[in-house]
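Coordinates in review
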Amino acid sequence: QVQLVESGGGLVQPGGSLRLSCAASGMIFSINAMGWYRQAPGRQRELVAAITSSGSTNYADSVKGRFTISRDNAKNTVYLQMNSLKPEDTAVYYCNADVRTIATMRISAFWGQGTQVTVSS
């Protein structure tokens, strides 16, 4: 009933930049928080950055000053601008959204399928 589609991953050299996008569609009444998580091989999924519907943000300490999260509420889309990328940023990045659906009028968490980000020379 709700789909999150990510794009923008890929291979980049250390120090480079990438911009991830995640568009939500389907039976959406409203979207509360949206965020980006990542999971590296052998590690647990971790929060990278999150943004509320009013624009308040929070970041993992490891990405502060390098990553910027933003959203376009009219397009139900969240972005993650990643600068000064490091090899340790290599992971699958997942989009998350807390959506109040038209069907139930309850808030549920939805996830994208993930997009690979590889930082390597």
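Everything in this summary refers to the structure shown in the same document.

How each quantity is defined
- Residues numbered from 1 in each chain as written.
- Predicted model: local features only at pLDDT ≥ 70, side-chain atom pairs only at ≥ 80, totals over all residues.
- Heavy atoms only, no water.
- Helix = DSSP H or I, 4+ residues; strand = E, 2+ residues; numbered from the N terminus.
- Rg over C-alpha atoms; globule rule 2.2 N^0.38 Å.
- Buried < 20%, exposed > 50% of the residue type's maximum accessible area, 1.4 Å probe, protein only.
- Contact = heavy atoms within 4.5 Å.
- Lys, Arg positive; Asp, Glu negative; His and termini not counted.
- Salt bridge = Lys/Arg side-chain N within 4 Å of Asp/Glu carboxyl O.
- Polar contact = N/O pair within 3.5 Å; in protein donor to acceptor, adjacent residues only side chain to side chain.
- Phe/Tyr/Trp six-rings, centres within 6.5 Å; stacked < 30°, edge-to-face > 60°.
- Lys NZ or Arg CZ within 6 Å of the ring centre and 35° of its normal.
- Core = buried A, V, L, I, M, F, W, Y, C linked by side-chain atoms within 4.5 Å.
- Disulfide = S-S within 2.5 Å.
- Pairing = 2+ DSSP bridges.
- Axes fitted to C-alpha atoms, helices over the stretch in contact; angles between N-to-C directions.

What the protein chain contains, in helices and strands, is 0 helices and 11 strands. Taking 121 residues into account, the globule formula puts the C-alpha radius of gyration at 14 Å, and the protein chain, at 14 Å, falls close to it. Considering only C-alpha atoms, the protein chain reaches an extent of 45 × 25 × 25 Å along its principal axes. Within the protein chain, the fraction of its 121 residues that count as buried is 40%. Considering only residue pairs separated by 6 or more positions, the protein chain has 56% of its internal contacts joining residues 24 or more positions apart.

All right, on to the environment of Trp111 then. Along the chain, the position of Trp111 falls in strand E10 (residues 107-111). The spatial distance from the C-alpha of Trp111 to the C-alpha of Tyr37 is 9.8 Å, given a sequence separation of 74 residues. With residues near it in sequence (within four places) discarded, Trp111 still touches Leu4, Tyr37, Arg45, Tyr94, Cys95 and Asn96.

Take the side chain of Glu6 next. Relative to the assigned elements, Glu6 resides in strand E1 (residues 2-7). No salt bridge is formed by the buried Glu6. Its closest oppositely charged neighbour is Arg45, at 7.8 Å. At 3.1 Å, the side chain of Glu6 forms a polar contact with the backbone nitrogen of Gln113. Look past the residues within four positions of Glu6 in its chain and what remains in contact with it is Ser21, Cys22, Trp36, Tyr93, Tyr94, Cys95, Gly112, Gln113, Gly114 and Thr115.

Take the packing of aromatic side chains next. If you walk through the whole model with that rule in mind, you get 1 aromatic pair. We note Arg19 situated over the ring of Tyr79; from NZ or CZ to the ring centre the distance is 4.1 Å. Positioned above the aromatic ring of Tyr94 is the side chain of Arg45, whose terminal nitrogen or guanidinium carbon lies 3.8 Å from the ring centre.

Let's shift gears to the nonpolar core. Within the largest apolar cluster, 31 residues are counted, with the highest numbers of intra-cluster contacts made by Trp36, Val48, Phe67, Val78, Leu80, Met82 and Tyr93. Ranked by residue count, the leading element in this core is strand E9 (residues 91-101), at 5 residues. In this structure, Met82 is in contact with Gly16, Ser17, Leu18, Leu20, Arg66, Phe67, Tyr93 and Val117, ignoring residues within four places of it in sequence.

Another aspect to go through is the state of the cysteines. In this structure the tally under the stated criterion is 1 disulfide. One disulfide bridge connects Cys22 with Cys95, the sulfur atoms lying 2.1 Å from each other. Sign of the S-S torsion, about -80 degrees for the bond between Cys22 and Cys95, identifies this disulfide as left-handed. Taken together, the residues Cys22 in strand E3 (residues 18-26) and Cys95 in strand E9 connect sequence positions 73 residues apart.

Moving on to the sheet that holds strand E7 (residues 67-72). Spatially, E1-E3-E8-E7 is the arrangement adopted by the 4 strands of the open sheet, whose pairing is antiparallel. Bordering the open sheet on either side are E1 and E7, each of which pairs with just one other strand. Pairs of neighbouring strands in the sheet enclose a mean axial angle of 15 degrees, with direction left out of account. Bridge count between E1 and E3: 6 bridges; the pairing is antiparallel. By the bridge assignment for E3, Glu6 is matched with Cys22.

By themselves these figures say nothing about function.
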